[in-house]
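As a plain string of letters, each chain reads:
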Amino acid sequence: MDIEAEIRALQLDSAEDNNDTLIPEDAKPEEVEMTDKVEEGMTDEVDTKSQPVQAEPKVKDKEVADMDCAEVPDEMESQKKRHLNVVFIGHVDAGKSTTGGQILFLSGQVDDRTIQKYEKEAKDKSRESWYMAYIMDTNEEERVKGKTVEVGRAQFETETTRFTILDAPGHKSYVPNMISGASQADIGVLVISARKGEFETGYERGGQTREHVQLAKTLGVSKLLVVVNKMDDHTVNWSKERYDEIESKMVPFLRSSGYNVKKDVQFLPISGLVGTNMKTRVDKNICPWWNGPCLFEALDSVEIPVRDPKGPYRMPVIDKFKDMGTVVMGKVESGSICEGDSLLVMPNKAPVKVLAVYCDEDKVRRAGPGENLRVRLSGIEEEDISSGFVLSSVVKPIPAVTEFTAQLQILELLENAIFTAGYKAVLHIHSVVEECEIVELLQQIDPKTKKPMKKKVLFVKNGAVVVCRIQVNSLICIEKFSDFPQLGRFTLRTEGKTIAVGKVTDLPSRSSA
């Protein structure tokens, strides 16, 4: 069975689950609650006046191109393995880059000579334990500071799966970069340090363990592997008591953040620095109490998310550069792309032609959803494209708007702040980062009944769920959450803090498409 057939079979069996609730049934009221949907009937009562008007197709041969593309044999035959994008998240110094580097070493992506070079470099900096992180942290600033700044990217394979690793920064100053990485991911690996004091620092309010979990859920990372790292540290020594303590504290928080802990979360102990319980199961002499899988086995067992290779093409642009033409980078969220296709770059409606498609480092004839691609285009200059633009189908282009209706879950406002019309924040939605303003509060949702309240709402506080109109300064490409969840969920941040998460419920009838 080829990739498309497998994906179609998966589509028949399942639909996106666990991304459909803004208030989980079993959430603890004192914890920050965060989910993707408030009440099935709620959206019926919100003013969802009309669908965005789609433009008439400008390139008539697009449908023919799609048919031709469907008939082209998939040149990723050698890559019949399923593909998953994995983002490594967690508090600063939890060991994300070290674990990612160890995975690449164990899977044969890095040779011994390179490791020896990194060991010497780290020793010269008096940072002997950082050498594995150098595989993922490639620039000098990251190596000197010992902090990931940009989202690192690498690939590795197991017997059944091709993985793209996205190493997200853990420091709170670089949360926008973490959001960029998580928005491209299918599953998350939450790295937690078991070292005495380090878990507590990350888990306390204000720690990045909490914020990363909440952001990952909002950004569509519906499945988590929680790896308890540094189990070999002298303060832990593979202690079952310490492992159980961390798990018992994390489970209620993960549940309150919207995760189905039994179905979508898996815990396991590892040592990222020495590679214990990663490619092979931990020796019973080291950890007699662990009977579960190693990290590679756990990654292989994660279900692949539902994707639509036949849907309208959507690829948010995360980066662009010049290389014998204009090249854009991004993850395909919907549809398939074929060399020779005619597409649109939105929101500026620029018609382009696909000259070449690259998956990882390989040139391919065509590629489907879930793939991280580099696409060479003709018909547009590199300076005319920005991060947040979307490479889009001509027949059904993505809407471009300056205003939309959304359902928001207020997490934690700045001290003494009130959320009301006129409130300003920074909007993060797929690869878009844009300043926005709350224009009007339309309805507040009763947390007990989960139904819209009848009285007019003028302001709300922490924990409230509210429907509001949001305005941005420039045209942005977004979708309704109900149509494209990955392009319709977002976060609001202000002064370096995530204050709300939400989903797009309605777009104006005259969106530019």
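Residues numbered from 1 in each chain as written. Predicted model: local features only at pLDDT ≥ 70, side-chain atom pairs only at ≥ 80, totals over all residues. Heavy atoms only, no water.

Under the annotation held in an unreviewed UniProt entry, the protein carries the name Tr-type G domain-containing protein and is attributed to Gossypium tomentosum. Recorded under Sequence similarities (unreviewed entry), the UniProt text for the protein is reproduced unchanged: "Belongs to the TRAFAC class translation factor GTPase superfamily. Classic translation factor GTPase family. EF-Tu/EF-1A subfamily." (UniProt positions renumbered as here; feature names shortened; annotations may be inferred.)

1. Observations regarding the pairing of strand 17 (residues 400-410)
Counted residue by residue, strand 17 has 9 buried out of 11 residues, so it is predominantly covered. Where strand 17 and strand 22 (residues 465-477) come together, 9 bridges link them in antiparallel fashion. Across the sheet, residue phenylalanine 404 finds its bridge partner in strand 22, namely isoleucine 470. (Buried < 20%, exposed > 50% of the residue type's maximum accessible area, 1.4 Å probe, protein only. Helix = DSSP H or I, 4+ residues; strand = E, 2+ residues; numbered from the N terminus. Pairing = 2+ DSSP bridges.)

2. Re the packing of aromatic side chains
This structure, assessed with the given rule, holds 9 aromatic pairs. Ring geometry for phenylalanine 156 against phenylalanine 296: centres 5.6 Å apart, planes inclined by 40°, an arrangement best described as tilted. Remark: phenylalanine 296 occurs in helix 12 (residues 295-301) and phenylalanine 156 occurs in strand 2 (residues 152-157); sequence separation between them is 140 residues. Looking at phenylalanine 296, the relative accessible area reads 7%, which means it is buried. With a centroid separation of 5.2 Å and 45° between ring planes, the pair formed by tyrosine 243 and tryptophan 289 is classed as tilted. Of this pair, tyrosine 243 sits in helix 10 (residues 240-256) while tryptophan 289 sits in the loop between strand 6 (265-269) and helix 12, and the two are 46 residues apart along the sequence. Assigned by exposure class, tyrosine 243 and tryptophan 289 land together as buried. (Phe/Tyr/Trp six-rings, centres within 6.5 Å; stacked < 30°, edge-to-face > 60°.)

3. Quick word on the sheet that holds strand 20 (residues 432-445)
Spatially, 17-22-20-19-23-24 is the arrangement adopted by the 6 strands of the closed barrel, whose pairing is antiparallel. Ignoring which end each strand starts from, the neighbouring axes of this sheet average 45° apart. As paired elements, strand 23 (residues 489-494) and strand 24 (residues 497-506) share 6 bridges and run antiparallel to each other. Across the sheet, residue arginine 493 finds its bridge partner in strand 24, namely threonine 498. Helix 7 (residues 175-182) rests against strand 19 (424-429) and strand 23 of the sheet, and its axis sits at about 175° to strand 23. Contacts from helix 9 (residues 208-218) reach strand 23 and strand 24, with the element oriented near 145° to strand 23. (Axes fitted to C-alpha atoms, helices over the stretch in contact; angles between N-to-C directions. Contact = heavy atoms within 4.5 Å.)

4. Section: helix 7
Considered for burial, the residues of helix 7 that qualify are Val175, Met178, Ile179, Gly181 and Ala182. All buried residues of helix 7 fall inside an arc of 160° around its axis, so they share one side. Packed against the buried residues of helix 7 are strand 1 (82-89), strand 3 (161-167), helix 9, strand 19 and strand 23. (Arc of directions from axis to C-beta.)

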